[in-house]
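For reference, the chains in residue letters:
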Amino acid sequence: MSDLPQPFDPQAHDLSGDVSGLPDDIEVLRGEIDRLDAMILAAIKRRSAVSKRIGAARMASGGPRLVHSREVKVLDRFADLGQEGHTLAMLLLRLGRGPLGR
Ligand SMILES: O=C(O)C(=O)C[C@]1(C(=O)O)C=C[C@@H](O)C=C1
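So, here is what we can say about the structure in this document. Nothing here was measured: the structure is a model prediction, and the numbers come from that model. Every residue gets a number counted from 1 within its own chain, in the order that chain's sequence is written. Where totals are concerned, whole chains, interfaces and linings use all residues; where local detail is concerned, this predicted model gives features only for residues with pLDDT of at least 70, and gives and counts side-chain atom pairs only at 80 or more. Calculated side-chain values reflect all of the structure's heavy atoms, with hydrogen atoms and water omitted.

Quick look at the pattern of salt bridges
Where side chains of opposite charge bring their charged atoms close, a pairing between them can arise.
For step 1, the next point in the chain: Any carboxyl oxygen of Asp or Glu that lies within 4 Å of a side-chain nitrogen of Lys or Arg is treated as forming a salt bridge with it. For the structure on display, the rule yields 3 salt bridges.
For step 2, the next point in the chain: Among the salt bridges present, the one from E27 reaches R30, with a minimum N-O distance of 3.5 Å. In this pair, E27 and R30 are both assigned in helix α1 (residues 26-60), 3 residues apart and thus about one turn of the helix distant. The burial state of E27 is the same as that of R30; both residues are exposed. Secondary structure elements follow DSSP: runs of H or I no shorter than four residues count as helices, runs of E no shorter than two count as strands, and numbering proceeds from the N terminus. Accessibility here uses a 1.4 Å probe with only protein chains present; expressed as a share of the type maximum, an area under 20% marks a residue as buried, one over 50% as exposed, and anything in between as partly exposed.

Right, dumping it as structure tokens:
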């Protein structure tokens, strides 16, 4: 096995929306939320770092800082969460590209 970090594999985790198998125990349910928040935070940090790497690589080869078509794809991905999904996707894009206008 390589020592290189492997791409995130969502299938290695139970991320299904069906929570009917969980017990009606607030402590257990809170534990699940804590576990998910830790994963979400780690995933957001990793996404931001990967996004910055792409931006740096693109700009190093003379490309633009932003790619509108890719941003539209990201926004589409979150569309099933409605307006909140749009807001969330915009926040993810902002975290990855850093402050604009500098
Ligand atoms: O996919 C790219 O080309 C990226 O630079 C990544 C990313 C993103 O965070 O998803 C960031 C900035 C671009 O405007 C579009 C998308």
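Looking at the layout of surface pockets
For step 1, the next point in the chain: The volume enclosed by the largest pocket comes to roughly 1000 Å³.
For step 2, the next point in the chain: Looking at the lining of the largest pocket, the elements with two or more residues in it are α1, α2 (68-77) and α3 (82-97).
For step 3, the next point in the chain: Sort the elements by how many residues they give to the lining of the largest pocket and α1 lands first, with 14 residues. Cavities and pockets were defined on a 1 Å grid built over protein atoms only: a cavity is a set of grid points that admits a 1.4 Å probe from which the probe cannot escape, a pocket is an open set flanked by protein on both sides within 12 Å along at least five of seven lines, and lining residues are those with an atom within 4 Å of any such point. Grid points are joined across faces, edges and corners, and a volume is the space filled by probe spheres set on the points.

Overview of the packing of α1 against α3
For step 1, the next point in the chain: Every axis corresponds to a line fitted to the C-alpha atoms, with the helix fit spanning only the stretch in contact, and the corresponding angles, defined between N-to-C directions, vary from 0 to 180 degrees. Contact pair α1 / α3: the axes reach a minimum separation of 7 Å and the direction vectors enclose 55°. Between α1 and α3, the angle is such that the two are oblique. For the pair α1 and α3, the sense of crossing is right-handed. The residues of α3 that touch α1, namely those facing I44, R47, S48, S51 and K52, are L92, L93, L95, G96 and R97.
For step 2, the next point in the chain: Note that Gly is not counted as nonpolar here; it falls among the polar residues with everything else outside the nonpolar set of Ala, Val, Leu, Ile, Met, Phe, Trp, Tyr, Cys and Pro and the charged set of Asp, Glu, Lys and Arg. Residue classes in the contact of α1 with α3 are distributed as 4 nonpolar, 3 polar and 3 charged. Roughly parallel means an angle under 35 degrees; roughly antiparallel means over 145; roughly perpendicular covers 65 to 115; every other angle is labelled oblique. Each helix crossing is assigned a hand: it is left-handed if the near helix lies turned anticlockwise from the far helix by less than a right angle, otherwise right-handed if that turn is clockwise. Contact criterion: two residues are considered in contact whenever any of their non-hydrogen atoms come within 4.5 Å of each other.

Digging into α1
For step 1, the next point in the chain: Multiplying 1.5 Å by the residue count of a helix minus one yields the expected span of that helix. An ideal rise of 1.5 Å per residue puts 51 Å on 35 residues; α1 measures up with 50 Å between its terminal C-alpha atoms.
For step 2, the next point in the chain: Listing the buried residues of α1 in full gives M39, S48 and G55.
For step 3, the next point in the chain: Each element contacted by the buried residues of α1 is listed here: α3.
For step 4, the next point in the chain: Note on α1: the residue one or two positions beyond its end, G62, has a positive phi of about 85°.

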